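Each chain, written out:
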Amino acid sequence: MVDFSLDDAQLAVQKTARDFAEKELKPVAAELDRIQDPKESWDWELYEKANRLGFNKILIPEEYGGLGLTMLDACIVVEELAVADAGFATTYFVHNAVTRHVVDGCTEEQKKEFLTACCNDPEERYLMAIGDTEHGVAGDKSPRTYAAGKQLSGALDFNDFTNAETVPVNNQKEMTTFARQDGDHWVINGMKRFTTMGSRAKLYTITAKTDPEASDMDAAVATFFVPVNTPGLTFGHIEDKLGHRLTENAEVILEDVRVPDKWKHDWRMNLAIRGMSLNVLTAAVAVGIARRCYEEAIAYAQTRYKGGALIAHHQAVQKMLVDMAIRTKTSRLLTWFAAWQDDQAAGFDVLQNMAKVYTSDACIQNSLEGMQVFGGYGYMKDFPMEKLYRDARLMSIYDGSNEILRHNVIMPMLTATGTA
Ligand SMILES: Cc1cc2nc3c(=O)[nH]c(=O)nc-3n(C[C@H](O)[C@H](O)[C@H](O)COP(=O)(O)OP(=O)(O)OC[C@H]3O[C@@H](n4cnc5c(N)ncnc54)[C@H](O)[C@@H]3O)c2cc1C
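Predicted model only: the values in this text are computed from it and were never measured. (Residues numbered from 1 in each chain as written. Predicted model: local features only at pLDDT ≥ 70, side-chain atom pairs only at ≥ 80, totals over all residues. Heavy atoms only, no water.)

**A short note on the site of the ligand**
Alright, step 1. Close to the ligand lie 19 residues, the nearest being Ile130, Thr133, Thr196, Ser401 and Glu403.
Alright, step 2. Between the ligand and Gly400, the relevant distance is 3.5 Å, taken from an oxygen atom to a main-chain nitrogen or oxygen of the residue.
Alright, step 3. In isolation the ligand offers 970 Å² of accessible surface; the protein chains occlude 65% of this area.
Alright, step 4. Elements supplying a minimum of two residues to the shell around the ligand: β3 (185–196) and α13 (402–415).
Alright, step 5. Residue contributions to the shell around the ligand peak at four residues, all from β3.
Alright, step 6. Among the residues making up the shell around the ligand, the classes are represented as eight nonpolar, six polar and five charged.
Alright, step 7. If you count residues domain by domain, the shell around the ligand takes at least three from each of domain 2 (131–267) and domain 3 (269–415). (Near = heavy atom within 4 Å. Polar contact = N/O pair within 3.5 Å; in protein donor to acceptor, adjacent residues only side chain to side chain. Areas by Shrake-Rupley, 256 points an atom, 1.4 Å probe, with all protein chains shown as cover. Helix = DSSP H or I, 4+ residues; strand = E, 2+ residues; numbered from the N terminus. Nonpolar A, V, L, I, M, F, W, Y, C, P; charged D, E, K, R; others polar. Domains from an automatic or database assignment.)

In C-alpha cells:
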C-alpha cells in the first residue's frame, strides 16, 4: 500500500524546522537580503541556531553523533527553510548532500574524521561546501553524472556514454584544477567558482585532475577533502547575486594546497552519490519557494478589493492561484518520491534529475504568477514577491542547468525501451 502521510517522527522534524523558519529566519530574511555588501548578509547567529537544532546533522548516522535521519527528512527540513529564505535553505541542501556523500561513498577513516568533526564542533559552525565548478566545467552535472551512477548500479557501460557523439563529455578535460602526487600527499593548484557558502564552510570537497594525459576518466579526476584552514586555500571574489543573498558564493583559490592521500576519494562515486542527493535537495528548495509564492498570493488576493470584488473572486486570478497550488503539490510529491528512492539506495535514476527540473521550473512560474496576482505591489521591494521572484530565478540554473539535466533524462530514454 502506498502511504503519503508523514509519521509522528517526520511531523516532529517538520515542526522543528517550521518553528525555526517562522520565528527565527523569516522575520530577518528580507532585511538581510537587502544588505548591499554580499559579505555582510551571512548571519552566523542564525546558522548556529539551525545547527544546534541539528539541520547540519540530519543525514549523519548516530554513531558519528548525527541524527541518523533520511533524505525525506532532509527534504522536509529544507522545504521549511526555503519557505522562509531560499539562500539559507541552499546552504543546507549543499551541506547535507555532502554529508550523504561522505556517509555512502567514503572510507571509515574519512567518515570518522569529517562526520565526527561536524557533529562535535563546539562553535556549531561546521558546514561542508562543494568546489566543482570552474570556468570550463560545471563538474557535477555533466552527463557523466548519469553515466557514473548507472555504472555504479551495474546497468550501463560508462564508456557507452562517454563515446556517444551526442553527449558533451570529457568536461573534465576543461578542468584546470590539478592535483600532483608528492609522496603520501597531493598538491592542489587551481580555482573553483560560485562555491556556495563561500568562505564560511569548514570543509571543501575539491574536484581536480590527477593526470592531465590520462584518457581513462577514473585515472584522470579525483575529489579531495580540504579543510578551510589548510595553508594555500584562500578566497577570491565574493559574488554579488540577484537572489539567495543569505548564503555566500565565492571563488575558492588553491595554491600549493597539500592534503594527505587518505583525503582523496573516488570522483565517480562522488558524482554518482552527491549528484543524486543534490538534485533531490535542490528540488526541496524549489518546493519551499513555490509554496511561499502560493501562500503570499492567496493571502493577498483575499485582501485586495478591485473591480467590485476581492481579486480572489475574479476567475482569471483564481486560475493563477489554482495552478500555483497544483504546481506546489506536484513538486512536493515528485521531490518526496525522489527522496524516498534515494533512501532505498536503489541506485541512480533520472527521477532525481526530473524532480529538480520540474520543481525549479514550477517555482519560477509560481513566482511569475504570484507577482502578477500582486499587480503593481508585486514589483515593489517592500512586498514579498519581488524577493521570491529573484530567489526563484536561480533554481533552473544552479545544481546543473535544466538544459543539462534534461539531457541526462533523455539519454536513457533514447537508449532503452520503457515507459514514464
Ligand atoms: C548561486 C550559485 C551557486 C552555485 N553553487 C555552486 C557550488 O556550491 N559548487 C559548485 O561546484 N558549483 C556551484 N554553482 C555552479 C552551478 O552549478 C553552475 O553555474 C551551473 O551548473 C551552470 O554552469 P555554468 O555557470 O558554467 O553555465 P554554462 O555551462 O556556461 O551554461 C550556459 C548555458 O549553456 C547551456 N549549456 C551548457 N552546456 C550545455 C550542453 N552540453 N547542452 C545544452 N546546453 C548547454 C546551459 O544550460 C546554459 O543555458 C553555483 C552557481 C550559482 C549561480
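**A look at the pairing of strand β5 (residues 221–227)**
Alright, step 1. The buried fraction of β5 amounts to seven of the seven residues, a majority that puts the element mostly inside the structure.
Alright, step 2. Burial of β5 is two-sided: the residues Val221, Thr223, Phe225 and Pro227 facing one way and the residues Ala222, Phe224 and Val226 facing the other way are all buried.
Alright, step 3. In this structure, strand β4 (residues 203–209) lies alongside β5, joined through seven bridges in antiparallel fashion. Looking at β5, one finds that Thr205 is bridged to Phe225.
Alright, step 4. When β5 meets strand β8 (residues 264–266), the two strands line up antiparallel, connected through three bridges. Across the sheet, residue Thr223 finds its bridge partner in β8, namely His265. (Buried < 20%, exposed > 50% of the residue type's maximum accessible area, 1.4 Å probe, protein only. Pairing = 2+ DSSP bridges.)

Worth remembering: the numbers are spatial, not functional.
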